Amino acid sequence: MNDQPNGQQNLPSLIDELEAAPAGAAHSKKPLSPAAKKKLRAVGGSALGLALGAGLIWGLLAILPTPMPDYETGDIDDIFSYTLLTADFNNLPVEERVDLIGQVIKRVESMGADDGSVLAAFAAGIMGEARDQLEENAATLVIDMWDVYAPGYASLPADADREQFLADAVVGMTRLFERLDGDPTERSDEELLARARRQAERDQEVFADPDRGPSAAGVGRFMSLMQREVGDRASPHQRARISELTRDMTRYLRGEPLGGGG
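Residues numbered from 1 in each chain as written. Predicted model: local features only at pLDDT ≥ 70, side-chain atom pairs only at ≥ 80, totals over all residues. Heavy atoms only, no water.

A few words on the overall build of the chain. Along the backbone of the chain there are 10 helices and zero strands. The order of α-helices and β-strands along the chain, N terminus first, is α-α-α-α-α-α-α-α-α-α. Going through the 262 residues of the chain one by one, you find that 24% of them count as buried. A separation of at least 24 residues holds for 59% of the contacts in the chain among residues at least 6 apart in sequence. (Helix = DSSP H or I, 4+ residues; strand = E, 2+ residues; numbered from the N terminus. Buried < 20%, exposed > 50% of the residue type's maximum accessible area, 1.4 Å probe, protein only. Contact = heavy atoms within 4.5 Å.)

Written out as structure tokens, the structure reads:
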């Protein structure tokens, strides 16, 4: 640097229009020339344009849906993230969500031992908002799977054949739930209905036997968990119609009269 009189130094200027003030005097600026003003406006306009452009891009990224990965060939951590940790997954039709989860399960089953670290790292990162979103996605899927048939049942006219609707719902829901593991059943409708009736009878016998059935405390904890994690996430209308369908479906499988309270 070159020494200046009175120990001052000329500072470099972006527009070469500033001068050092005399010693002991207040610093001042010469009026900017028209060319300098034009250059300053151009620089400021460019900076403002860049800032607005960046803000627009980030805003669009925030509202645009997350691209769906390829469930057959995509990275497994991307697939897990989209399926479990994004709200966009919940916007897909329920049957598509079921089939995609079936594909995830197939991918996991085919993974080798070396891929275990990927699952471990993914699981370790699920906390806070990510954990809340995972619970939201799981609960929403359960609610929507039940709600495939519930609106139709709730809107049936009084003289409708409710037993036929319930039979179709039992078969349809069984097939839908079995698709979750990626291995849809090949049993006939009659076989599925007969199996459901046998299971309902066994469940009734188990609950009636104090030596075999779950304790009242255990049932209470389970119902509380289901209400907190699933039921509270459903809308009031969903809860009402799903409860009605569940009640009458259970009665139908047990051979009990439909409708009414309790």
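Back to the write-up after that little detour.
Once that is clear, we can look at a positive patch on the surface. On the surface, a cluster of positive charge is contributed by Arg187, Arg195, Arg198 and Arg202. Tracing the backbone shows Arg195 in helix H8 (residues 189–208). (Patch = residues over 30% accessible without salt bridge, like charges linked within 9 Å, V, L, I, M, F, W, Y side chains within 5 Å. Areas by Shrake-Rupley, 256 points an atom, 1.4 Å probe, with all protein chains shown as cover. Salt bridge = Lys/Arg side-chain N within 4 Å of Asp/Glu carboxyl O. Lys, Arg positive; Asp, Glu negative; His and termini not counted. Charge placed at Lys NZ, Arg CZ, Asp CG, Glu CD.)

Let's shift gears to the side chain of Asn137. With respect to the helices and strands, the residue Asn137 is situated in helix H5 (residues 129–146). Excluding its chain neighbours within four sequence positions, the residues that come into contact with Asn137 are Thr83, Leu84, Leu85, Thr86, Phe89 and Asn90.

Looking now at the nonpolar core. By size, the foremost hydrophobic cluster in this structure holds 22 residues, and its most contacted members are Leu166, Val170, Leu193, Leu245, Met249, Tyr252 and Leu253. Of all elements in the fold, only H5, helix H6 (150–154), helix H7 (162–178), H8 and helix H10 (236–254) reach the threshold of two or more residues within this core. Sorting elements by how many residues they give to this core places H7 first, with seven residues. Those residues in contact with Leu245, other than ones at most four positions away along the chain, are Trp146, Tyr149, Ala150, Tyr153 and Leu166. (Core = buried A, V, L, I, M, F, W, Y, C linked by side-chain atoms within 4.5 Å.)

So, about the packing of aromatic side chains. According to the stated counting rule, one finds two aromatic pairs in the structure shown. When the ring of Tyr82 is compared with that of Phe89, the centres are 6.2 Å apart and the planes differ by 90°; the resulting orientation is edge-to-face. For the pair shown, Tyr82 and Phe89 are each scored as buried. Judged by centre distance (5.5 Å) and plane angle (40°), the ring pair of Tyr153 and Phe165 falls under tilted. Taken together, the residues span a long stretch of sequence, with Tyr153 in helix H6 and Phe165 in helix H7 at a distance of 12 residues. The exposure class assigned to Tyr153 is buried, which follows from its relative accessible area of 0%. Against the face of Tyr153 rests Arg162, its NZ or CZ located 5.1 Å from the ring centre. (Phe/Tyr/Trp six-rings, centres within 6.5 Å; stacked < 30°, edge-to-face > 60°. Lys NZ or Arg CZ within 6 Å of the ring centre and 35° of its normal.)

The next thing to look at is the confidence of the model for the chain. The share of residues in the chain with pLDDT of 70 or more is 61%, and the mean pLDDT across the chain is 75. Confidence scores differ between elements of the chain, with helix H1 (residues 34–63) showing the lowest mean pLDDT of 52 and H6 the highest of 94. With pLDDT under 50 throughout, residues 11–21 is counted as low confidence; its partners more than four residues away or in other chains account for 17 contacts. (pLDDT = per-residue confidence, 0-100.)

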